[in-house]
Amino acid sequence: MVKRFVSIWFRELKTDWFTIRQPPLSHVPFVICIADHGRMIITGINSLATKAGITSGMLVADARAIVPHLQVQEDVPDLPEKLLKRLAEYCIRFTPFAAIDLPDGLILDASGCTHLWGSDQKYLDEINNRLTARGYHIRSGMADSIGTAWAIARFGKISPIATPGGNAAALLPLPAAALRLEKETVERLTRLGLRYINDFISMPRSAMRRRFGEAFIIRLNQALGNEPEIIAPLHPIEPWQERLPCLEPIAHATGIEIALQKLLQRICHRLQQAQKGLRKAILKTFCIDGRIESIEIGTNRPSHNVVHLFKLFEPKINSLAPGLGIELFILDALNVTDAIALQENVWKQESGLHNIKLSELLDRIAGRFGLEHIHRYLPAQHYWPGRSIKQALSLDEQPTIGWKIEHPRPLQLLPVPEPIEVTAPIPDYPPMLFRYKGKLHKIIKADGPERIEQEWWIQEGQHRDYYYAEDETGNRYWLFRSRHYTADKKTRWFIHGFFA
């Protein structure tokens, strides 16, 4: 595939930003300035101020002598970088590879993208029209190399697009500064009469290297496409990503569902071929008005099941606000792990926690109600009830010890035992009646006591005598009496859990 790059030059980046925020500034000369040792120095000028003869670096006082009604705005620290990052984010709708080019440009890797708009010219026109509509004055260029695209955007006068393989032809009529050379190097070339690239492009490289240095040769080779140039994209391209641009903006839920299904089918086919599954995915929608909306899902186990993943996304689709319409969908699998099928016993229909249907059910419950409502517990190396269990981090975490089965334990354990009123015939007998939250329960079956002592190496305190009690409605409870029964002290009873 032939590499194609687009360079976008924002000729009045900072002043355009001020104009967008304050539209009346577009009709008057105005400048941006910073304070330097008690003087106000101009750092940005709009086109009307430029026509009036004001230049960057001039003192505001001198500029006002030329244009008395000059408008002055205070510069914002790091404004160019912040603006370019936002603009690069916007340009992701045209390519997944968008990078900032300080102090006033962007670089887009358009390889394999232009056919989606019909041609190179239509692709570049769409970019220019969109950014111009947002209020920016731009020039752009497209070529096989970043250097040539940069040169065309800033110095080109014939065509903004270099034909494939035509880097050298596009560079010939341009000045030496189009190669992104140091100012001193350009001045030396000019003094020698080498004002245009055509004047020295055919000269021996060894002679130019001795006179102008290695950096000069590197820039020339980069522009010609003979030497690679590395740039860092705003967002590194995810290896598991699918994009779906739209010929017409999509503004309804049905269209979003169709687009999501297409993206899931593509990425799940790739994942299945690689024996992998996603654990976390995000769907980003790029709207015409510049907004980026997103919804995210997660799974307990790696999955490449299109139907299951779509069901996880489906309840969240209504949270997307397409506005005037969505023009680009991007599906990113943020967490991908191996998903090799488990060899299950052919004689058994159940596979416990490894049952994929169970993990998919938990995924749907978590997507609807939140992951915080799902808990799995493992036995812990403690005898005291509050410390005898711990919460598992995942479905795959294995217990380090076995469950204690000598005595039954309730399915639901209260985080803190709650006091109850109890009627018991004699001290060591189970209660006959107990009142909990204002309701009286009559015990018809009971067993106990089971004495559990405090773990003295962790905490000191009274022991507990636990009873298993069942009331007249069939509900079973785990009750305990704190400390020994004594005639001089009132015994306290608590409810600690509920059996299934």
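Just so it is clear, the model here is predicted, and its values are computed rather than measured.

One can describe the packing of helix α11 (residues 253–273) onto helix α12 (residues 306–313) by two numbers: an axis separation of 10 Å at closest approach and a directional angle of 140°. Taken as axis vectors, α11 and α12 run oblique relative to one another. The chirality of how α11 crosses α12 is right-handed. Counted together, E257, L260, Q261, L264, Q265 and C268 of α11 and V306, L309, F310 and F313 of α12 form the full contact between these two elements. A per-class count over the contact of α11 with α12 returns 7 nonpolar, 2 polar and 1 charged.

All right, on to the pattern of salt bridges then. Summed over the entire model, instances satisfying the criterion amount to 23 salt bridges. The salt bridge partner of K85 is E81, with a shortest N-O separation of 3.6 Å. Here the residue K85 and the residue E81 both occupy positions in helix α4 (residues 79–90), the gap between them amounting to 4 residues, near one helical turn. The partner of E242 in a salt bridge is R270, with the nearest N and O atoms 2.9 Å apart. Of the two residues, E242 sits in strand β8 (residues 241–250) while R270 sits in helix α11, which places them 28 residues apart along the sequence. The class of E242 is buried, set by a relative accessible area of 12%. Classification of R270 as partly exposed rests on a relative accessible area of 29%.

So, about the confidence of the model for the protein. Detailed reading of predicted coordinates is not advised where the pLDDT is low. Overall, the predicted model of the protein reaches an average pLDDT of 89, with 95% of residues at or above 70. With pLDDT under 50 throughout, residues 343–347 is counted as low confidence; its partners more than four residues away or in other chains account for 2 contacts.

Moving on, we come to the environment of L440. Relative to the elements of secondary structure, L440 occurs in strand β16 (residues 439–452). By relative accessible area, L440 is classed as partly exposed at 44%. Residues L440 and I405, 35 residues apart in the sequence, show an inter-C-alpha distance of 31 Å. Not counting the four nearest positions on each side in its chain, L440 is found in contact with L433, F434, R435 and E472.

A few words on the sheet that holds β8. Backbone hydrogen bonds are what pair the strands of a sheet, in a parallel or an antiparallel way. The strand order across the open sheet built from 4 strands is β8-β11-β9-β10, with neighbouring strands paired in antiparallel fashion. For this open sheet the edge positions go to β8 and β10 (292–303), each flanked by a neighbour on one side alone. The sheet shows a mean angle of 15° between the axes of neighbouring strands, direction not considered. Summarising the sheet, β8 and strand β11 (residues 326–338) pair through 6 bridges and their orientation is antiparallel.

This brings us to the packing of aromatic side chains. Each aromatic ring pair is described using two quantities: the centre-to-centre distance and the angle formed by the ring planes. For the coordinates displayed, the defined rule picks out 17 aromatic pairs. Each ring, one from F10 and one from Y136, has its centre 5.6 Å from the other, and the planes form 85°; the classification is edge-to-face. With F10 in strand β1 (residues 5–10) and Y136 in the loop between α5 (120–133) and β7 (138–143), this pair connects stretches of sequence that are 126 residues apart. In this structure, F10 and Y136 share a single accessibility class: buried.

This next bit is on the environment of L13. Along the chain, L13 turns up in helix α1 (residues 13–21). With a relative accessible area of 4%, L13 lands in the buried category. The sequence separation of L13 and G105 amounts to 92 residues, and the corresponding C-alpha distance is 8.8 Å. Setting aside residues up to four positions removed in sequence, L13 forms contacts with P80, L83, L84, L87, P103, D104 and Y136.

That bond from L102 to P103 is cis: its omega, 10°, falls within 30 degrees of zero. Examined against the element boundaries, P103 turns out to sit in the loop between β5 (98–101) and β6 (105–109). Here the amide bond leading from G448 into P449 is cis, since omega sits at 5°, within 30 degrees of zero. As for its placement among the helices and strands, P449 is situated in strand β16.

Now for the nonpolar core. Side chains of a nonpolar character, in soluble globular proteins, are inclined to be buried together. Ranked by size, the top nonpolar core spans 34 residues in total, and within it V6, I8, F10, L106, Y123, L131 and Y136 carry the most contacts. Those elements that place two or more of their residues in this core are β1, α1, β2 (30–36), α4, β6, α5, β7 and β11. With 6 residues, the top contributor of residues to this core is α4. Not counting the four nearest positions on each side in its chain, V6 is found in contact with L106, I107, L108, A110, Y123, L124, G141, M142 and A149. Membership of the second largest hydrophobic core comes to 28 residues, among which are A281, I295, L309 and F329.

As summarised here, the arrangement of the 6 strands in space is β14-β15-β16-β17-β18-β19, forming a closed barrel in which the pairing is antiparallel. Averaged over all pairs of adjacent strands, the angle between strand axes in this sheet comes to 45°, irrespective of strand direction.

Right, let's talk about a nonpolar patch on the surface for a bit. Side chains of Y377, I389, W403 and I405 sit close together on the surface and give an oily, nonpolar patch of about 460 Å² of accessible area. Mapped onto the fold, I405 is located in the loop between β13 (389–391) and β14 (412–423). On the basis of relative accessibility, which here comes to 77%, the residue I405 falls in the exposed class.

Cut-off values and rules
- Residues numbered from 1 in each chain as written.
- Predicted model: local features only at pLDDT ≥ 70, side-chain atom pairs only at ≥ 80, totals over all residues.
- Heavy atoms only, no water.
- Axes fitted to C-alpha atoms, helices over the stretch in contact; angles between N-to-C directions.
- Helix = DSSP H or I, 4+ residues; strand = E, 2+ residues; numbered from the N terminus.
- Parallel < 35°, antiparallel > 145°, perpendicular 65-115°, else oblique.
- Left-handed = near helix turned anticlockwise from the far one by under 90°.
- Contact = heavy atoms within 4.5 Å.
- Nonpolar A, V, L, I, M, F, W, Y, C, P; charged D, E, K, R; others polar.
- Salt bridge = Lys/Arg side-chain N within 4 Å of Asp/Glu carboxyl O.
- Buried < 20%, exposed > 50% of the residue type's maximum accessible area, 1.4 Å probe, protein only.
- pLDDT = per-residue confidence, 0-100.
- Pairing = 2+ DSSP bridges.
- Phe/Tyr/Trp six-rings, centres within 6.5 Å; stacked < 30°, edge-to-face > 60°.
- Core = buried A, V, L, I, M, F, W, Y, C linked by side-chain atoms within 4.5 Å.
- Patch = residues over 30% accessible without salt bridge, like charges linked within 9 Å, V, L, I, M, F, W, Y side chains within 5 Å.
- Areas by Shrake-Rupley, 256 points an atom, 1.4 Å probe, with all protein chains shown as cover.

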